[in-house]
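# Chains, contacts and geometry: an overview
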Amino acid sequence: MRTYKIELRHAPSKNKLNAVPGNRLAPVTCRLAGDDSAIDWARQELIGFYRRHQGSDQQYLEASVFELFPIGSPHEDENRRLGRWVINPDGLSWRPKAA
């Protein structure tokens, strides 16, 4: 089992994502079997948040997915970014981390 983290952010638009104060929710973690399970879990969390909080401040929603490495891991970083789910006026899309 691996540990994964989701970071949710929201804004009126993608251009305002970094300018809106308080738009980042507390990260959510979960232990899952692998990357595919984590990606699906993040999708469900994002859709659930969207359904509960529709409004002008939630026109752009983003759920970044990370695998958290154990303490003492030989990896340079403490986590590995898989990508992010985005909901915007064009719909829902998965954006994997660029190679």
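Residues numbered from 1 in each chain as written. Predicted model: local features only at pLDDT ≥ 70, side-chain atom pairs only at ≥ 80, totals over all residues. Heavy atoms only, no water.

## What to know about the side chain of Ser-64
Within the secondary structure layout, Ser-64 lies in strand β3 (residues 60-68). The class for Ser-64 is buried, based on a relative accessible area of 8%. Ser-64 has contacts with Lys-5, Ile-6, Glu-7, Arg-81, Gly-83 and Arg-84, leaving out every residue within four places of it along the chain. (Helix = DSSP H or I, 4+ residues; strand = E, 2+ residues; numbered from the N terminus. Buried < 20%, exposed > 50% of the residue type's maximum accessible area, 1.4 Å probe, protein only. Contact = heavy atoms within 4.5 Å.)

## What about the packing of aromatic side chains?
Across all of its chains, the model carries 1 aromatic pair by this definition. Seen from their ring centres, Trp-85 and Trp-94 are 5.3 Å apart, and the 55° between their planes marks the pair as tilted. Taking the ring centre of Phe-66 as reference, the NZ or CZ of Lys-5 above it sits at 5.0 Å. (Phe/Tyr/Trp six-rings, centres within 6.5 Å; stacked < 30°, edge-to-face > 60°. Lys NZ or Arg CZ within 6 Å of the ring centre and 35° of its normal.)

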